Amino acid sequence: MPNSEPASLLELFNSIATQGELVRSLKAGNASKDEIDSAVKMLVSLKMSYKAAAGEDYKADCPPGNPAPTSNHGPDATEAEEDFVDPWTVQTSSAKGIDYDKLI
């Protein structure tokens, strides 16, 4: 970034989105390889700055301040969801001690 002050995460996020659009438009417009390479290098630099500031990779659908979408199958899943056993997942059924032959 041209200024010496660190940019806010939202400013970096928006800069990355803008630079990504520029790269796409240059590619679509058949710009010179040097011009595209220069824009891509800037995009990579912005993403590295974002990762250094945020502590995580840039995700286009997850602006800073918004939590990432969560899954119901991770360590934060509720107990009721953990008790659900998918009959197609043999490993899960074995771990829960369910004998599907006795259920029929």
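Each value, and the rule that gives it
- Residues numbered from 1 in each chain as written.
- Predicted model: local features only at pLDDT ≥ 70, side-chain atom pairs only at ≥ 80, totals over all residues.
- Heavy atoms only, no water.
- Phe/Tyr/Trp six-rings, centres within 6.5 Å; stacked < 30°, edge-to-face > 60°.
- Helix = DSSP H or I, 4+ residues; strand = E, 2+ residues; numbered from the N terminus.
- Buried < 20%, exposed > 50% of the residue type's maximum accessible area, 1.4 Å probe, protein only.
- Salt bridge = Lys/Arg side-chain N within 4 Å of Asp/Glu carboxyl O.
- Axes fitted to C-alpha atoms, helices over the stretch in contact; angles between N-to-C directions.
- Parallel < 35°, antiparallel > 145°, perpendicular 65-115°, else oblique.
- Left-handed = near helix turned anticlockwise from the far one by under 90°.
- Contact = heavy atoms within 4.5 Å.
- Nonpolar A, V, L, I, M, F, W, Y, C, P; charged D, E, K, R; others polar.

By the naming in an unreviewed UniProt entry, the protein goes by WARS isoform 9 and is assigned to Pan troglodytes.

Trainee: In this structure, what is going on with the packing of aromatic side chains? I would like to understand it.
Mentor: Aromatic ring pairs are described here by two measures, namely the spacing of the ring centres and the angle between the planes. Evaluation of the coordinates by the stated rule reveals three aromatic pairs. Between Phe-13 and Tyr-58, the aromatic rings sit 5.1 Å apart at their centres with planes inclined by 45°, giving tilted as the arrangement. Highlighted residues: Phe-13 in helix H1 (residues 9-28) and Tyr-58 in the loop between helix H2 (33-54) and helix H3 (79-83), separated in sequence by 45 residues. The class for Phe-13 is buried, based on a relative accessible area of 8%. With a centroid separation of 5.9 Å and an interplanar angle of 85°, the aromatic rings of Tyr-50 and Tyr-58 are classed as edge-to-face. Tyr-58 carries the same exposure label as Tyr-50, and that label is buried. Put simply, the rings of Phe-13, Tyr-50 and Tyr-58 pair up and form one aromatic cluster.

Trainee: Before we go on, may I ask you to explain the pattern of salt bridges in this structure?
Mentor: Side-chain pairs of opposite charge can arise where the charged atoms are in close proximity. Counted under the stated rule, the structure contains three salt bridges. The salt bridge involving Lys-33 is made with Asp-37; its shortest N-O contact spans 2.9 Å. Of this pair, Lys-33 and Asp-37 both sit in helix H2, four residues apart, roughly one helical turn. In this structure Asp-37 comes out as partly exposed when scored by relative accessible area, which is 31%. Asp-57 is the salt-bridge partner of Lys-51, the closest N and O atoms lying 3.2 Å from each other.

Trainee: Please clarify how the packing of H1 against H2 should be interpreted in this entry.
Mentor: A pair of packed helices can be characterised by two numbers: the angle between their axes and the separation between those axes. Where H1 contacts H2, the two axes come as close as 9 Å, and the packing angle between them is 160°. Accordingly, the angle class assigned to the pair H1 and H2 is roughly antiparallel. Considering how the two elements wind past one another, H1 and H2 form a crossing that is left-handed. In contact with Leu-9, Leu-12, Phe-13, Ser-15, Ile-16, Gln-19, Gly-20, Leu-22, Val-23, Leu-26 and Lys-27 of H1, H2 contributes Glu-35, Ile-36, Ala-39, Val-40, Met-42, Leu-43, Leu-46, Lys-47, Ser-49, Tyr-50, Ala-53 and Ala-54. Tallied by class, residues from the contact of H1 with H2 come to 16 nonpolar, four polar and three charged.

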